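# Topology and contacts: notes
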Amino acid sequence: MSMVQLPGLAEMINVISRERNLPKPAVQAALQEALLKGYERYRRTLLLDSGAQFDEEYFYNFDVELDIEEEGFLVLATKMIVDDVESTDHQIALTEVREVAPEAQLGDTVVLDVTPEQNEFGRMAAIQTKQVLSQKLRDQQRKLIQEEFQDLEKTVLQARVLRFERRSVIMAVTSAFGQPEVEAELPKREQLPNDNYRANATFKVFLKRVADGPHRGPQLVVSRADAGLVVYLFANEVPEIEDEVVRIVAVAREANPPSRQVGPRTKIAVDTLEREVDPVGACIGARGSRIQAVVNELRGEKIDVIRWSPDPATYIANALSPARVDAVRLIDTEERQAHVLVAEDQLSLAIGKEGQNVRLAARLTGWKIDIKDIANYDQEAEDLQLSELQAQKVDEDEIAIEVEQPDLEMPEVSDSGAESSSEASSEELSANVEEDESPEVEEAVNTSEDMEE
């Protein structure tokens, strides 16, 4: 059969490739799939009155071949050679094949041209092709975005505000590979309260994840509230972090506080192995220049840089900065509970507005922190209460162990006609063993001794 002509095919592929930023092979592959779907629609319409059934795999042996130079396409079908043909779309008779290929054998396959006539393809098939082509091109774009940005997850990108959808901000991000901009979503929970998201405003954003599979809308989810953004900004501003002289041990960030009366705040713990290097000073910079650059990028967010310590008490005291801590008592190391003693004038500062300071310190250190006024702190009473709680915990653990163990019933052991209960002593049971060495008695003795142990 003759080729179905597609005038301007080469130019169409070039235009789609340029407008959608897709390589030409990807556009050709999408067009082939779309034309195959159009051919399926043509065949279904053709055989609609015959009552033929088409399952999902009916057209698995059909393919479309594009001819860019001739500006057209062919439809090819791979058919198996058989004696008796049951399906003309999948099989062909041996006698028919041997007319042109005498060496053909049963079970072989042949590729046949089944291209319909130009005027037979039909308007509905053309519409189907156009719809499928649009979908396939979107799929190709999603695939390329996934491949391009998969390696950039958990990194920071430059983004520009495009528009607003519901409560989300749609932004255009640029990858490190210099590719054109791609749309990303900044959800409401990932936004900063002090940001002004106006059209064309630029921000640094943290690429949180790349959505997999078919997904409507932007596939990239970015964040301005993630702690990873703070880590990146400090690494970008502090050469000692980039050179691994200073390391960031932990970060606790509350970018969206539960109350509007409390502003965003971050605590960051740093450390170094170099004695002559001050990690906190390196992050702050001369006259606060380095930390001020980070604060400006985060639109005035408060940032506390504290020194990490392997000693939990020292680390907790540092984490409660800027409050002055008088003493830290590690109440329960297993449960990681600590009492922090401060002066009365430091109570509100240590707790922070609506508990933000102590909340961030607890998240930074991993300890449960209880702020106490040192003037009213009764150490003996606290120790007594702690010992009572520990004793109660031990009792509860013992009860739990007893509940888990099954009750064992001791068998009766006879000695010269006298009955012995399960409360018999181990000496009496031993005497019984000497007189009656039956397997049942030995088993009872072993059970009794195991229980006493």
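Worth saying up front: this structure is predicted, and the values here are computed from it rather than measured.

### Comments concerning unusual backbone geometry
Residue Ser321 is joined to Pro322 through a cis peptide bond whose omega torsion reads 15°. Positioned with a positive phi, Glu71 is a non-glycine residue whose angle comes to about 55°. Its relative accessible area of 27% is what places Glu71 among the partly exposed residues. The backbone of Arg166 sits at a positive phi, close to 55°, despite the residue not being glycine. Structurally, Arg166 is set in the loop between strand 6 (156–165) and strand 7 (168–174).

### Examining the pattern of salt bridges
In a structure, side chains of opposite charge can pair up when their charged atoms sit close to one another. One pass over the full model with this rule turns up 18 salt bridges. Residue Glu33 is joined to Lys136 by a salt bridge in which the shortest nitrogen-to-oxygen separation is 3.1 Å. Of this pair, Glu33 sits in helix 2 (residues 24–46) while Lys136 sits in helix 4 (residues 123–149); the two residues are 103 residues apart in sequence, bridging distant segments of the chain. Judged by relative accessible area, Glu33 falls into the partly exposed class, the value being 39%. Lys136 sits in the partly exposed class, given a relative accessible area of 22%. Connected via shared salt-bridge partners are Asp195, Arg224, Glu297 and Arg299.

### Details of the packing of aromatic side chains
Evaluated as defined, the whole model comprises 6 aromatic pairs. Taken together, a centroid distance of 5.8 Å and an interplanar angle of 40° make the contact between Tyr39 and Tyr42 tilted. On the criterion of helical spacing, the pair formed by Tyr39 and Tyr42 is a turn pair, its members being 3 residues apart in helix 2. Side by side, Tyr39 and Tyr42 carry an identical accessibility label, which is buried. Aromatic rings pair up to connect Tyr39, Tyr42, Tyr58, Phe59 and Phe62 into one cluster. For the cation-ring pair, Arg247 lies above Trp308, with the distance from its terminal atom to the ring centre recorded as 5.5 Å.

### Re the packing of helix 1 (residues 9–19) against helix 2
Two elements in contact, helix 1 and helix 2, have axes separated by 9 Å at closest approach and are oriented at 115°. Judged by the twist between their axes, the crossing of helix 1 over helix 2 is right-handed. Touching Leu9, Met12, Ile13, Asn14, Ile16 and Ser17 of helix 1 are Lys24, Val27, Gln28 and Leu31, all from helix 2. Looking at the contact of helix 1 with helix 2 residue by residue, the classes come out as 6 nonpolar, 3 polar and 1 charged.

### Remarks on the sheet that holds strand 12 (residues 265–272)
Across a sheet, paired strands are connected by hydrogen bonds in the backbone, their directions being either parallel or antiparallel. Ordered by their spatial adjacency, 3 strands build an open sheet running 11-12-13, and the pairing between neighbours is mixed. On the outer flanks of this sheet lie strand 11 (246–254) and strand 13 (302–307), each paired with one strand and no other. For this sheet, the mean inter-axis angle between neighbouring strands, taken without regard to orientation, is 20°. Of the strand pairs in this sheet, strand 11 and strand 12 are connected by 8 bridges, and their pairing is antiparallel. Paired with Arg247 across the bridge in strand 12 is Asp271. Across the sheet, helix 11 (residues 356–365) is in contact with strand 11, strand 12 and strand 13; its angle to strand 11 comes to roughly 135°.

### Side note on the sheet that holds strand 9 (residues 202–210)
Pairing is mixed in the closed barrel, where 5 strands are placed in the order 6-7-8-10-9. The mean inter-strand angle of the sheet, taken between neighbouring strand axes irrespective of direction, is 55°. Relative to strand 10 (residues 220–223), strand 9 runs antiparallel, the two being bridged by 4 bridges. Within strand 10, the position partnered with Leu207 by the bridge is Val222. Sheet contacts for helix 5 (residues 227–237): strand 6 and strand 9; angle to strand 9, the most-contacted strand, approximately 125°.

### Comments concerning the packing of helix 5 against helix 8 (residues 289–297)
At their nearest, the axes of helix 5 and helix 8 sit 9 Å apart, and the two run at 140° to each other. With respect to each other, helix 5 and helix 8 are oriented oblique. For helix 5 against helix 8, the interelement crossing comes out right-handed. Within the contact between the two elements, helix 5 uses Leu233, Phe234 and Glu237 and helix 8 uses Arg290, Ile291, Ala293, Val294 and Glu297. When grouped by side-chain class, the residues that make up the contact of helix 5 with helix 8 number 5 nonpolar, no polar and 3 charged.

### Considering the side chain of Gln356
Turning to its location among the elements, Gln356 is positioned in helix 11. Classification of Gln356 as buried rests on a relative accessible area of 5%. Within the structure, the side chain of Gln356 is placed 2.9 Å from the backbone oxygen of Gly263, a separation counted as a polar contact. Ignoring anything within four residues of it in the chain, the contact list for Gln356 reads Glu254, Pro257, Val262, Gly263, Pro264, Arg265 and Ile351.

### A closer look at the confidence of the model for the chain
Summary statistics for the chain give a mean pLDDT of 81 and a share of 80% for residues scoring 70 or more. Contacts of residues 410–453 to residues separated by more than four positions or lying in other chains number 29 contacts, the stretch itself having pLDDT below 50.

Calculation criteria
- Residues numbered from 1 in each chain as written.
- Predicted model: local features only at pLDDT ≥ 70, side-chain atom pairs only at ≥ 80, totals over all residues.
- Heavy atoms only, no water.
- Buried < 20%, exposed > 50% of the residue type's maximum accessible area, 1.4 Å probe, protein only.
- Helix = DSSP H or I, 4+ residues; strand = E, 2+ residues; numbered from the N terminus.
- Salt bridge = Lys/Arg side-chain N within 4 Å of Asp/Glu carboxyl O.
- Phe/Tyr/Trp six-rings, centres within 6.5 Å; stacked < 30°, edge-to-face > 60°.
- Lys NZ or Arg CZ within 6 Å of the ring centre and 35° of its normal.
- Axes fitted to C-alpha atoms, helices over the stretch in contact; angles between N-to-C directions.
- Left-handed = near helix turned anticlockwise from the far one by under 90°.
- Contact = heavy atoms within 4.5 Å.
- Nonpolar A, V, L, I, M, F, W, Y, C, P; charged D, E, K, R; others polar.
- Pairing = 2+ DSSP bridges.
- Parallel < 35°, antiparallel > 145°, perpendicular 65-115°, else oblique.
- Polar contact = N/O pair within 3.5 Å; in protein donor to acceptor, adjacent residues only side chain to side chain.
- pLDDT = per-residue confidence, 0-100.

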